[in-house]
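Fold and geometry: a report
Residues per chain are reported as follows:
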Amino acid sequence: MTAPSRALPRSAPPLVAVAHGSRDPEAPRTVTALLDLVRSLRPGLRVEPGHVELNEPLLPDALDALPGGPDGTAVLVPLLLGRGHHVKHDLPGAAAAAGHLSVRIAAPLGPHPLLAEALAARLAETGWTGARDPRAGGVVLAAAGSRDPESARDAGRTAALLSARLGGVPVVPAYASAAGPTVPEAVAALRASGRRDIALASYFTAPGLFAARCARAVPGLPAARPLGAHPALARLVLHRYDEARARAAARPPALRPVRGALARAS
């Protein structure tokens, strides 16, 4: 996929990138670096961070800081990798509460081939050589986990995309919480199938509790760092933003009753 166009209409609404938030101080720094990369790809676009919890600005505060009025719009782009509670409940709730804005919500980042590109690049950084021999290699795709079954389906689709990018190396999703298998269970399953060269792909936008927990669970294995400020991820953020704007533009305008016309028809 080519980089998003640098052309920017005057009416382009702000992009509010919604991160989860973490007590790990590297998390907000990583989000800042990613958004700097997004801005470099789309000069002139207003790009603001917002967080679901733990870091400032929180999403409601980020929306409150945007100008309203007749043209007051914003596009929320979740820096989240699949469907789950935050995407389905927290973001719509914050959008509804921002009464001075017309808020559009983009799809979460995953699944998408650009994520597979970034994940493969992070694996390559570790020196993992399993992709050279699909019969020996194996990858555990470590994700946060959710009770929402659609979240697991999204992770499974990303695993399939990554497997295809790695030439057929099996990729098994595993979770830090709320779902199974765990990372050690996924590693054991790959070893039981004869895979000897196993690595951990970190399916997280930024460092945090769950990313660290997954890496610690398999000491000795190559463990990729979170996706962070990877160019493919920055392009995907803009792709989701453009998708949301295109969907909004394709909707027919809402019909508003004209009082005079109604009175004449009565």
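Above this note sits the structure.
Residues numbered from 1 in each chain as written. Predicted model: local features only at pLDDT ≥ 70, side-chain atom pairs only at ≥ 80, totals over all residues. Heavy atoms only, no water.

Overview of the side chain of Ser22
Within the element layout of this structure, Ser22 appears in the loop between β1 (15-19) and α1 (26-41). By relative accessible area, Ser22 is classed as buried at 10%. Looking at Ser22, its side chain comes within polar contact range of the main-chain nitrogen of Asp24, at 3.0 Å. Excluding anything up to four places from it in sequence, Ser22 contacts Ala27, Glu53, Leu54, Asn55, Pro207, Gly208 and Leu209. (Helix = DSSP H or I, 4+ residues; strand = E, 2+ residues; numbered from the N terminus. Buried < 20%, exposed > 50% of the residue type's maximum accessible area, 1.4 Å probe, protein only. Polar contact = N/O pair within 3.5 Å; in protein donor to acceptor, adjacent residues only side chain to side chain. Contact = heavy atoms within 4.5 Å.)

Digging into the sheet that holds strand β7 (residues 197-202)
Judged by pairing direction, the sheet is parallel, and its three strands sit side by side in the order β6-β5-β7 without closing on themselves. In the strand order of this sheet, the two ends are held by β6 (171-175) and β7, each with one partner. Neighbour to neighbour, the strand axes of the sheet diverge by 25 degrees on average, direction disregarded. Of the strand pairs in this sheet, strand β5 (residues 137-143) and β6 are connected by five bridges, and their pairing is parallel. Note on β6: the bridge partner recorded for Ala143 is Tyr175. Across the sheet, helix α5 (residues 149-165) lies against β5, β6 and β7, angled at about 150 degrees from β6, the strand it touches most. Together, β5, β6 and β7 form the strand contacts of helix α6 (residues 183-192), whose direction differs from that of β5 by roughly 165 degrees. (Pairing = 2+ DSSP bridges. Axes fitted to C-alpha atoms, helices over the stretch in contact; angles between N-to-C directions.)

Focus on the packing of helix α4 (residues 113-125) against helix α8 (residues 231-250)
In the contact formed by α4 and α8, the axes pass within 8 Å of each other and the chain directions differ by 165 degrees. Taken together, the axes of α4 and α8 lie roughly antiparallel to each other. In the packing of α4 onto α8, the handedness of the crossing is left-handed. Between α4 and α8, the residues in contact are Leu114, Leu115, Glu117 and Ala118 and Ala232, Leu233, Arg235 and Leu236, respectively. Grouping the amino acids of the contact of α4 with α8 by side-chain chemistry returns six nonpolar, no polar and two charged. (Parallel < 35°, antiparallel > 145°, perpendicular 65-115°, else oblique. Left-handed = near helix turned anticlockwise from the far one by under 90°. Nonpolar A, V, L, I, M, F, W, Y, C, P; charged D, E, K, R; others polar.)

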